[in-house]
Amino acid sequence: MNTSGRHFLQIPGPTNVPDRVLRAMDFPTIDHRGPRFAEIGQQALEGMKRIVKTEKGEVIIYPASGTGAWEAALVNTMSPGDKVLMYETGHFAMLWRKMAERIGLQPIVLEGDWRHGADPNAIEQALRADAGKDIKAVCVVQNETSTGCASRIDEVRKAIDAADHPALLMVDTISSLASIDMRMDEWGVDVVVGGSQKGLMLPPGISFNAVSPKALEVNKAAGLPRSYWDWEDMRGPNAKGFFPYTPATNMLYGLVEAIAMLEEEGLENVFARHDRLAEATRRTVRAWGLELLCQEPRHYSSSLTAVVMPEGHDADAFRDAVLRNFNMSLGAGLSKLAGRVFRIGHLGDFNELSLTGTLSGVEMGLAIAGVPHNKGGTQAALDYLAETSPYREPIKTAAE
Ligand SMILES: *Cc1c(COP(=O)(O)O)cnc(C)c1O
């Protein structure tokens, strides 16, 4: 087992945590009810509003993984037996559906083939067919981490408007936040569900709801039981930067630093970087002669790429060869895709050389595991990245 150098954590979350964030967390934990904490709490809450692009909405931060924020979104807005329209983009969409069932909701599932993003026409038709307006929410996963297909949330919004339907729009952005654009106000998203350990470059441990004024209104009459997740309990103390129970203090130090890093680079540049690295990855996968799982170019994910294993080859044996030989973890196929795909995470704290190192490791792993492929496919990424580098021109100094 090769353990030299830095481990390449190329699963699509948790992702590599930058040194700046690790150092920002490496401070003594302070009194979360004291005056110094309030400033950190406010910076974190205000900063997250800029990340999801909301001025009208509010952000709630939980000491929980993303799954907790999924539950919070549902229990704060729904009543027992409510119908929710859920789109089957893949494994994560189906886990959210299972949760909805367990807590007493009635999910209506629009079936998908796990190779495309959500189809807005299917959503529009389902909403038009709901004459009694019984559907209370439309739930979509923006970036389906199990398949590498991303759904177009602007189009989902248009579909809901075209059907003139009052359902809330809830979007899971756990593996897209800060990697793929989320315009909460512009797209009329009512609840954004986010997590810390993917595009936000933090360790696992905190998660988010961003909540629209409409969702806050619906919250008042929502009848599902809730306690730990209750938005109202949070909103009171949050107004002054405090929390009703112990927050993940050191994670919040890290969050403030991660937001600073994202804003120094510029959010739009962050998205463009993810788009470019994802395109370079796909070019190399094609050059190897392997198949992308996502079949719709408009739905290609900029956070990860899922690659179909050639018939007769086990994706997990291949991943094991990569880990043993090159100290790199790749994402496994989940549920019905187990053993059939591997996933390359290219999100968060990631650049050209981390990508080309990753692709070199994949290419060597394919050779070691005896997976048929065209040698030298990594060159396609090198060519594309050199051609499209935004820094090709020398920087002019003030003296010139
Ligand atoms: C990772 C992930 C989740 C689950 O989040 P946890 O932090 O593991 O609870 C849910 N949805 C999507 C799209 C994800 O990528």
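Residues numbered from 1 in each chain as written. Predicted model: local features only at pLDDT ≥ 70, side-chain atom pairs only at ≥ 80, totals over all residues. Heavy atoms only, no water.

As named in an unreviewed UniProt entry, the protein chain is Serine--glyoxylate aminotransferase, taken from Dichotomicrobium thermohalophilum. Its UniProt record gives the protein chain a comment under Sequence similarities (unreviewed entry), which states: "Belongs to the class-V pyridoxal-phosphate-dependent aminotransferase family." (UniProt positions renumbered as here; feature names shortened; annotations may be inferred.)

Undergrad: So what's going on with unusual backbone geometry? Residues and values would help.
TA: Note the cis peptide between glycine 13 and proline 14, where omega equals -5°. Structurally, proline 14 is set in the loop between strand S1 (8-10) and helix H1 (19-25). Of note, the phi angle at lysine 53 is positive, near 60°, even though the residue is not glycine. In this structure, tryptophan 114 takes a positive phi of about 65° despite not being glycine. Position of tryptophan 114 relative to the elements: it lies in the loop between strand S4 (106-110) and helix H5 (120-128). (Helix = DSSP H or I, 4+ residues; strand = E, 2+ residues; numbered from the N terminus.)

Undergrad: An account of the pairing of strand S12 (residues 304-308) is needed here, citing residue identities and associated values.
TA: If a strand is regular, its side chains alternate between the two faces of the sheet. Burial within S12 is extensive, with five of its five residues counted as buried. Inspection of the sheet shows strand S11 (residues 291-292) paired to S12 by two bridges, in the antiparallel sense. Across the sheet, the residue bridging to glutamate 291 is valine 308, located in S12. The pairing of S12 with strand S14 (residues 341-345) spans five bridges and is antiparallel. Following the sheet pairing, valine 307 is matched in S14 by phenylalanine 342. (Buried < 20%, exposed > 50% of the residue type's maximum accessible area, 1.4 Å probe, protein only. Pairing = 2+ DSSP bridges.)

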